[in-house]
Amino acid sequence: MTRTIYILNGPNLNLLGKREPEIYGHETLDDVAAACAAIGAEAGLEVRLLQSNWEGQIVDWIHEAREKAAGIIINPAALTHTSVAVLDALNTFEGPVIEVHISQVHKREPFRHHSYVSKRADAVMAGFGVQGYALAMRHMGAILG
């Protein structure tokens, strides 16, 4: 059985550390990748961190994960609130799914309070900053044993 965790990131997360640092902080997606890889190594998990601004690419990676991943950690960003396609793709994945949001979405605009992804997620991390990814990795390690 594979021990790979796909960490999927949606639109604008390529700008992490540069875009709205008062909300998202100063750490970059490369920083997140390094932290998750270190935690994964402790648990015997390999990490594949990916980011796209295109919904279809996220869906394709979820489909790929069906064959290559033990679990998915996903920060769908704005697709959280709009993408039935991402939800449908996640529903085809049999392993654990953890949803991550850097900001506390429930303290933000009302449209951010709804998540299609949460309907499939086994856990949701929101408001922990980029440390939410580390928490998600640790939880994924516990789930997978």
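Check the entry above for the structure.
The following paragraphs examine the structure supplied in this document. All values derive from a computational prediction rather than experimental measurement.

### Considering helix α3 (residues 55-68)
Move 1: Between the first and last C-alpha of α3 there are 20 Å, a value that for 14 residues agrees with the 20 Å anticipated at 1.5 Å per step.
Move 2: All buried positions along α3 are accounted for by Ile58, Val59, Trp61, Ile62 and Ala65. Angularly, the buried residues of α3 cover 160° about the axis, an arc narrow enough to put them on a single face.
Move 3: The elements touched by buried residues of α3 are β1 (4-9), β2 (46-51), β3 (71-75) and α4 (84-90).

### Thoughts on the pattern of salt bridges
Move 1: Using the criterion set out here, one finds three salt bridges in the structure.
Move 2: The partner of Glu42 in a salt bridge is Arg138, and the shortest N-O contact between them spans 3.5 Å. Taken as a pair, Glu42 in helix α2 (residues 29-43) and Arg138 in helix α5 (residues 131-144) lie far apart in primary sequence, 96 residues in all.
Move 3: By relative accessible area, Glu42 is classed as exposed at 62%.
Move 4: Across the salt bridge formed by Arg120 and Asp122, the nearest N and O atoms sit 3.2 Å from each other.

### Concerning the sheet that holds β2
Move 1: The strand order across the open sheet built from five strands is β2-β1-β3-β4-β5, with neighbouring strands paired in parallel fashion. Only two strands of the sheet have a single partner each, and these edge strands are β2 and β5 (123-126). Taking the axes of each pair of neighbouring strands and ignoring which way they run, one obtains an average angle of 15° across the sheet.
Move 2: Note: β3 against strand β4 (residues 97-101), three bridges, orientation parallel. In the strand pairing of β4, Ile72 is matched with Val97.
Move 3: Across the sheet, α2 lies against β1 and β2, angled at about 165° from β2, the strand it touches most.
Move 4: Running at roughly 170° to β4, α5 makes contact with β1, β2, β3, β4 and β5 of the sheet.

### Observations regarding unusual backbone geometry
Move 1: You will see that Asn12, though not glycine, has its phi angle at about 75°, which is positive.
Move 2: Within the secondary structure, Asn12 is located in the loop between β1 and α1 (21-24).
Move 3: Residue Asn12 is classed as partly exposed on the basis of its relative accessible area, which comes to 34%.
Move 4: With a phi close to 55°, Ala77 is a non-glycine residue in the positive phi region.
Move 5: Here Ala77 shows up in the loop between β3 and α4.

### A short note on α5
Move 1: Its 14 residues give α5 an end-to-end C-alpha distance of 20 Å, which sits within 8% of 20 Å, the value for a rise of 1.5 Å per residue.
Move 2: Regarding α5, the residues found buried are Gly132, Tyr133, Ala134, Ala136, Met137, Met140 and Gly141.
Move 3: Of the surrounding secondary structure, the elements contacted by the buried residues of α5 are β1, α2, β2, β3, β4 and β5.
Move 4: Of the residues flanking the end of α5, it is Gly145, one or two places downstream, whose phi is positive at about 75°.

### What about the side chain of Ser83?
Move 1: The residue Ser83 is located in the loop between β3 and α4 in this model.
Move 2: At a separation of 2.9 Å, a polar atom in the side chain of Ser83 contacts the main-chain amide nitrogen of Val86.
Move 3: Setting aside its immediate chain neighbours within four residues, Ser83 contacts Glu55 and Tyr116.

### Brief notes about the pairing of β3
Move 1: With five of its five residues buried, β3 lies for the most part within the structure.
Move 2: Residues Gly71, Ile73 and Asn75 of β3 are buried on one face, and the alternating residues Ile72 and Ile74, pointing to the opposite face, are buried as well.
Move 3: Across five bridges, β1 lies against β3 in parallel orientation. Paired with Ile5 across the strands is Gly71, a residue of β3.

About the cut-offs
- Residues numbered from 1 in each chain as written.
- Predicted model: local features only at pLDDT ≥ 70, side-chain atom pairs only at ≥ 80, totals over all residues.
- Heavy atoms only, no water.
- Helix = DSSP H or I, 4+ residues; strand = E, 2+ residues; numbered from the N terminus.
- Expected span 1.5 Å × (residues − 1).
- Buried < 20%, exposed > 50% of the residue type's maximum accessible area, 1.4 Å probe, protein only.
- Arc of directions from axis to C-beta.
- Contact = heavy atoms within 4.5 Å.
- Salt bridge = Lys/Arg side-chain N within 4 Å of Asp/Glu carboxyl O.
- Pairing = 2+ DSSP bridges.
- Axes fitted to C-alpha atoms, helices over the stretch in contact; angles between N-to-C directions.
- Polar contact = N/O pair within 3.5 Å; in protein donor to acceptor, adjacent residues only side chain to side chain.

Honestly, it's all geometry; don't read function into it.
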